[in-house]
Amino acid sequence: MEMPNPHDRLFKAVWNDRSTARSFFQHYLPCDLLRLIDLDALQLCTESFIEEELREYRCDLLYQTTINGRPGYLYFLFEHKSHADPDVALQLLGYMRAIWHLYRKQEAGGAKAPLPVIVPLVLYHGRNAWTCGDDLLSRFEQPATFLLRYIPNFQFVLIDLSRFSDAEIQGEALLRASLLLFKYVFTPEYRDRLPGIFALLKSLVESTTGMQYIETIIRYVLSTLEDAGGTGTLKKVVEESLSEDKGDMVMTIAEKLYNEGLERGIQQGRQQGIQQGLLNAIELGLEIKFGAQASYLLAAIRQVTDIDRLKAIREAIRIGASLKDIEEMIIAHQA
């Protein structure tokens with residue numbers, strides 16, 4: 001079972017919401033560009049343009065709107081590699097070409113219709129600051145001036161979260177919480193920042209929609225915490241940041257997510273065979289409690305065929321064993 005990327009899940013859940021996307025564009029687009037864009041006309045398009053081999057590292061959203069009174073697009077690329085990719089501008093050019101091609105197919109004027117303006121945006125939250133430039137021309141080696149007319153060029157809006165102070169991260173509570181999670185997820189400060197991030201979510205607890213977003217954020221935190229505390233660590237974070245009644249509500253969601261994960265694996269076991277079901281439960285439990293850092297154990301776990309051993313590993317995850325304890329159980333099986 002492949003572990004879905006937690007960064008993709010949170011990005012799509014939050015930025016698919018038109019109100020949140022509007023808040024983001026309002027606070028992070030350059031002012032001279034923002035004046036030309038009708039944020040009230042935003043419409044989310046369903047297409048994605050990312051190649052299959054790059055889906056592990058990025059995802060995208062496309063919003064249609066009007067720009068300077070004409071049809072236009074905001075193409076939003078979320079780059080979650082741990083380092084900056086110098087080829088992003090070149091790849092953006094390919095995505096923009098695909099968007100123009102789609103537009104021509106859909107418009108009555110076809111090839112005769114004027115092409116719409118596409119504003120590309122890149123949201124980056126890697127471990128190090130972005131150092132690769134923000135245009136296509138930067139990929140060329142100092143071309144002579146007379147050659148510039150033969151070289152395509154465009155600039156993209158770069159939002160490098162490492163360059164923003166916490167005070168500079170603006171917008172609705174859900175947007176700010178999500179951006180702060182992305183900003184700190186790869187840093188040693190991540191766990192220490194969680195209480196303040198969860199405190200931003202107090203206003204969301206009162207509504208059904210808000211609780212759905214909180215559940216999405218809990219999934220993200222459980223999938224990305226790099227210590228072995230799992231729900232125990234999350235409980236401490238919630239207690240530090242929310243009132244007691246709201247904290248209990250959030251922890252109920254966290255426990256529910258974990259138990260649902262195990263139960264889903266058990267149900268799959270009834271359908272696919274006990275061994276496969278246990279493997280599914282173990283892998284899902286590892287994802288929820290330890291995130292991507294547990295992925296190195298998956299190959300070894302799939303080699304375990306003893307049902308009792310698999311049950312013991314599943315139980316160890318359920319009661320909160322550390323990643324090291326689980327690794328030792330697998331090594332003992334291999335000995």
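The structure reproduced in this document is the subject of the present report. (Residues numbered from 1 in each chain as written. Predicted model: local features only at pLDDT ≥ 70, side-chain atom pairs only at ≥ 80, totals over all residues. Heavy atoms only, no water.)

Moving on: empty space enclosed by the protein. For the coordinates displayed, the defined rule picks out 1 cavity of 30 Å³ or more. Space inside the largest cavity adds up to approximately 40 Å³. In this structure, the largest cavity is lined by Asp85, Pro86, Val88, Ala89, Trp130, Cys132, Gly133, Asp135, Ser138, Arg139 and Phe156. Grouping the constituent residues of the lining of the largest cavity by class yields 6 nonpolar, 2 polar and 3 charged. (1 Å grid on protein atoms, 1.4 Å probe; cavity = no way out; pocket = protein on both sides within 12 Å on 5 of 7 lines; lining within 4 Å. Points joined across faces, edges and corners; volume = space filled by probe spheres on them. Nonpolar A, V, L, I, M, F, W, Y, C, P; charged D, E, K, R; others polar.)

This part covers the packing of helix α2 (residues 18-28) against helix α5 (residues 173-184). Where α2 contacts α5, the two axes come as close as 9 Å, and the packing angle between them is 70°. Here α5 runs roughly perpendicular to α2, going by the angle between their axes. For the pair α2 and α5, the contacting residues are Thr20, Ser23, Phe24 and Tyr28 in the first and Leu174, Leu175 and Leu179 in the second. Among the residues making up the contact of α2 with α5, the classes are represented as 5 nonpolar, 2 polar and no charged. (Axes fitted to C-alpha atoms, helices over the stretch in contact; angles between N-to-C directions. Helix = DSSP H or I, 4+ residues; strand = E, 2+ residues; numbered from the N terminus. Parallel < 35°, antiparallel > 145°, perpendicular 65-115°, else oblique. Contact = heavy atoms within 4.5 Å.)

Attention now goes to unusual backbone geometry. With glycine set apart, most residues show a phi of negative sign, and most peptide bonds adopt trans. Despite not being glycine, Asn68 has its phi angle at roughly 55°, a positive value. Assignment of secondary structure puts Asn68 in the loop between β2 (58-67) and β3 (70-79). A relative accessible area of 55% places Asn68 in the exposed class. (Buried < 20%, exposed > 50% of the residue type's maximum accessible area, 1.4 Å probe, protein only.)

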